[in-house]
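Here is how the chains run, residue by residue.
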Amino acid sequence: ASCVRGAAPECLFTIDVDRRADLRVALETNDFDGALALFDTAGSPNRPRELRCVDDVPNGDTHHSRLELALPPGRYLLAVDGANGETGEFELFAELEPIETTEHACSEAVPLTPGRTLRDSTRGGENRFHASCGGGALGPEHVHSIVVDRPSRLRVRQQAEYDGSLYLRSRCEDP
């Protein structure tokens, strides 16, 4: 894995995802610096593609690693490895939570009212859509709608405490 700096034996686990879901994995170790790596087996089960490799999350904490990623259906490999070539015992906590469909998110979109300020949060949101900007906007989002019944100029402004993205679709379900 790309974040591992040694040659330690790893433990491999398969994860089968039958529908789009959020994967959350937490690794806890006491006697070695552990890392997590997630691989996609689509295309070649003998040569899986690395999706993410994490070590020391939170940053600088050599006894914890956290991984969170939205996954489409498929088979994945999760590797627990020694970041510096070390080995030891660990505890692994994994959770796979289905993500609601795009159609459901669109049907539940919160309407925007022209001229009114809306305060909202992406906390607790899911990653269902991908933008053509913001590196694909891979974080959680909240969906809003606005009805435009005649040619108009639309100005939407976002103010956030993080690097957020706004993207507009003419039809919610159509990327």
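Residues numbered from 1 in each chain as written. Predicted model: local features only at pLDDT ≥ 70, side-chain atom pairs only at ≥ 80, totals over all residues. Heavy atoms only, no water.

Concerning the side chain of D40
Our working definition: Secondary structure elements are taken from DSSP: a helix is a run of H or I of four residues or more, a strand is a run of E of two residues or more, and numbering for both begins at the N terminus. Throughout this description, buried means an accessible area under 20% of the type-specific maximum (1.4 Å probe, protein chains only), exposed means over 50%, and partly exposed covers the range between. Distance and chemistry together define a polar contact, namely a pair of N or O atoms within 3.5 Å, with one atom able to donate a hydrogen and the other to accept it when in protein, and with adjacent residues in sequence counting only for side-chain atoms on both sides. Pairs of residues are marked as contacts when any of their non-hydrogen atoms sit within 4.5 Å.
Locating D40 in the fold gives a position in strand β3 (residues 34–40). For D40, a relative accessible area of 11% gives the class buried. A distance of 2.9 Å separates a polar side-chain atom of D40 from the backbone nitrogen of A42. When neighbours within four sequence positions are excluded, D40 is seen to be in contact with P48, R49, L51, R75 and Y76.

Some words on the nonpolar core
Stated formally: Residues enter a nonpolar core if they are buried and are Ala, Val, Leu, Ile, Met, Phe, Trp, Tyr or Cys, with the set joined through side-chain atoms within 4.5 Å.
The biggest cluster of nonpolar side chains holds 15 residues, and the ones touching the most others in it are I15, L23, L36, L38, L67 and L71. Every element with two or more residues in this core is listed here: β1 (11–17), β2 (21–29), β3, β5 (64–71) and β6 (74–82). Here this core gets 4 residues from one element, more than from any other, and that element is β2. Residues C3, V4, F39 and C53 belong to the second largest nonpolar core, which totals 9 residues.

Overview of the sheet that holds strand β4 (residues 49–55)
Pairing between the strands of a sheet comes from backbone hydrogen bonds, and it takes one of two forms, parallel or antiparallel. Threshold: Each pair of strands is called paired provided DSSP finds at least two bridges between the two strands. Note on geometry: axes are C-alpha line fits, over the in-contact stretch for helices, and angles between N-to-C directions span 0 to 180 degrees.
The strand order across the open sheet formed by 4 strands is β1-β6-β3-β4, and the pairing between neighbours is antiparallel. Bordering the open sheet on either side are β1 and β4, each of which pairs with just one other strand. Going from strand to strand, the sheet's axes swing by 20° on average, the running direction of each strand aside.

Points about the layout of surface pockets
The condition that has to hold: Put plainly, a pocket is an open set of points on a 1 Å grid over the protein atoms alone with protein on both sides within 12 Å along at least five of seven lines, a cavity is a set where a 1.4 Å probe fits but cannot get out, and a lining residue has an atom within 4 Å of a point. Grid points are joined across faces, edges and corners, and a volume is the space filled by probe spheres set on the points. In this classification, Asp, Glu, Lys and Arg are treated as charged, Ala, Val, Leu, Ile, Met, Phe, Trp, Tyr, Cys and Pro as nonpolar, and every other residue, Gly included, as polar.
Space inside the second largest pocket adds up to approximately 440 Å³. Per-element accounting of the lining of the second largest pocket gives the leading share, 4 residues, to β5. Counted by class, the lining of the second largest pocket contains 9 nonpolar, 5 polar and 9 charged residues.

Here's the deal with a nonpolar patch on the surface
Spelled out, the test is: Every patch collects residues that have over 30% relative accessible area and no salt bridge, joining them within 9 Å if they carry like charges and within 5 Å if they are nonpolar side chains (Val, Leu, Ile, Met, Phe, Trp, Tyr). Every accessible area reported is derived by Shrake-Rupley at a probe size of 1.4 Å, with residue values counting cover from the shown protein chains alone. Salt bridge, as used here: a side-chain nitrogen of Lys or Arg that lies within 4 Å of a carboxyl oxygen of Asp or Glu.
Taken together, the side chains of L154, V156, L166 and L168 present a nonpolar region at the surface, about 400 Å² in accessible area. Its place among the elements puts L168 in the segment after β9 (144–145). Given the relative accessible area of 70%, L168 is considered exposed.

Things to note about the environment of F39
With respect to the element layout, F39 can be found in strand β3. Residue classification places F39 among the buried residues on the basis of a relative accessible area of 15%. F39 sits 33 residues away from G6 along the chain, and the two C-alpha atoms are 18 Å apart. In this structure, F39 is in contact with A1, P48, R49, E50, L51, Y76, L77 and A79, ignoring residues within four places of it in sequence.

Focus: the pattern of salt bridges
Where charged atoms from two side chains of opposite charge come close, those side chains can pair. A full pass over the atoms with the stated rule returns 8 salt bridges. Between D22 and R24 there is a salt bridge; the shortest N-O distance is 3.9 Å. Between D149 and R150 there is a salt bridge, with the nearest N and O atoms lying 3.9 Å from each other. Residue D149 shares its accessibility class with R150, and that shared class is exposed.

What to know about the sheet that holds strand β7 (residues 90–98)
The strand order β5-β2-β7 describes an open sheet built from 3 strands, whose pairing is antiparallel. Of all strands in the sheet, those bounded by a partner on one side alone are β5 and β7. Each adjacent strand pair in this sheet contributes to an overall mean axis angle of 10°, direction not counted. Where β2 and β7 come together, 9 bridges link them in antiparallel fashion. Bridge pairing links L23 to L96 in β7.

Considering the environment of L36
Among the structural elements, L36 can be located in strand β3. Residue L36 is classed as buried on the basis of its relative accessible area, which comes to 0%. Separated by 16 residues in the primary sequence, L36 and R52 place their C-alpha atoms 8.2 Å from one another.

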